[in-house]
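Secondary and tertiary structure notes
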Amino acid sequence: MSSFIDFRTPKTLPPTASYSHTAIVPASAKTIFISGQVPMDVTGALIGEGDFKRQAEKVFENIEIALADAGTTFDNVVKLGMYLTDMSNLGTLREIRDRFIQLKAPPTSTLVQVTAFFNPAILFEMDAIAVIDG
């Protein structure tokens, strides 16, 4: 868990399901914006066709790779944007997310159901914002 990010969930806001309502980051921090990641490998091949769980795992793995390239981990993610084609997969998504994020201080989050992605076989996409101590 990053000590320089102050994750908060005020008691005067609705309860959350493993996300924080706010993340306060010092001005000295460097911000890393990670583009939407889909379940594709380094060659561009789709991973887990028809298998939401495997696709979500691959997306989180891709975000993890991007974070490592920037010199950080999921501990420094302050915002996740998650997009899925079927909200009935929410339980599976939360299970996978909870393997990657810091549960004691989870990032802020947005979850949206969409009708389709650029490839109709894609079931999940996620982007992220992370910070590193500057």
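As a starting point, this report considers the structure included with it. (Residues numbered from 1 in each chain as written. Predicted model: local features only at pLDDT ≥ 70, side-chain atom pairs only at ≥ 80, totals over all residues. Heavy atoms only, no water.)

Some remarks on the overall build of the chain
Helix and strand content of the chain: 2 helices and 6 strands. Counted from the first residue to the last, the chain has its helices and strands arranged as β-β-β-α-β-α-β-β. By the compact-globule yardstick of 14 Å for 134 residues, the chain fits well, its C-alpha radius of gyration being 15 Å. Oriented by its inertia axes, the alpha-carbon framework of the chain measures out at about 40 × 35 × 20 Å. Going through the 134 residues of the chain one by one, you find that 39% of them count as buried. For the chain, long-range pairs separated by at least 24 residues make up 77% of all intrachain contacts whose partners lie at least 6 apart in sequence. Side chains of the chain carry 11 positive and 15 negative charges; the gap between the two charge centres is 8 Å. (Helix = DSSP H or I, 4+ residues; strand = E, 2+ residues; numbered from the N terminus. Rg over C-alpha atoms; globule rule 2.2 N^0.38 Å. Buried < 20%, exposed > 50% of the residue type's maximum accessible area, 1.4 Å probe, protein only. Contact = heavy atoms within 4.5 Å. Lys, Arg positive; Asp, Glu negative; His and termini not counted. Charge placed at Lys NZ, Arg CZ, Asp CG, Glu CD.)

Re the nonpolar core
In this structure, Phe60, Phe74, Leu80, Leu93, Phe124 and Met126 are the most contacted members of the largest nonpolar core, which totals 22 residues. Mapped by element, the contributors of at least two residues to this core are β3 (30–37), α1 (52–69), β4 (77–84), α2 (90–100) and β6 (124–132). Among the elements that line this core, the one with the most residues is α1, at 6 residues. Excluding residues within four positions of it along the chain, Leu93 makes contact with Phe52, Ala56, Phe60, Met82, Leu111 and Phe124. In this structure, Phe4, Phe7, Ala105 and Val131 belong to the second largest nonpolar core, which totals 7 residues. (Core = buried A, V, L, I, M, F, W, Y, C linked by side-chain atoms within 4.5 Å.)

Observations regarding α2
Residues of α2 that are buried: Leu90, Leu93, Ile96, Arg97 and Phe100. The arc enclosing the buried residues of α2, seen along the axis, measures out at 130 degrees, which places them on a common side. Among the structural elements, α1, β4, β5 (108–113) and β6 are those in contact with the buried residues of α2. (Arc of directions from axis to C-beta.)

Here we look at the sheet that holds β6
Within the open sheet, the 4 strands sit side by side as β3-β6-β4-β5. Their pairing is mixed. At either end of the open sheet lies a strand with only one pairing partner, and these are β3 and β5. Sheet twist, expressed as the average angle between the axes of neighbouring strands with direction ignored, equals 10 degrees. Sheet topology note: the β3/β6 ladder contains 6 bridges and is antiparallel. Opposite Phe33, over in β6, you have Ile129 as the bridge partner. (Pairing = 2+ DSSP bridges. Axes fitted to C-alpha atoms, helices over the stretch in contact; angles between N-to-C directions.)

A short note on the environment of Phe124
Within the element layout of this structure, Phe124 appears in strand β6. For the pair Phe124 and Arg8, spaced 116 residues apart in sequence, the C-alpha separation works out to 27 Å.

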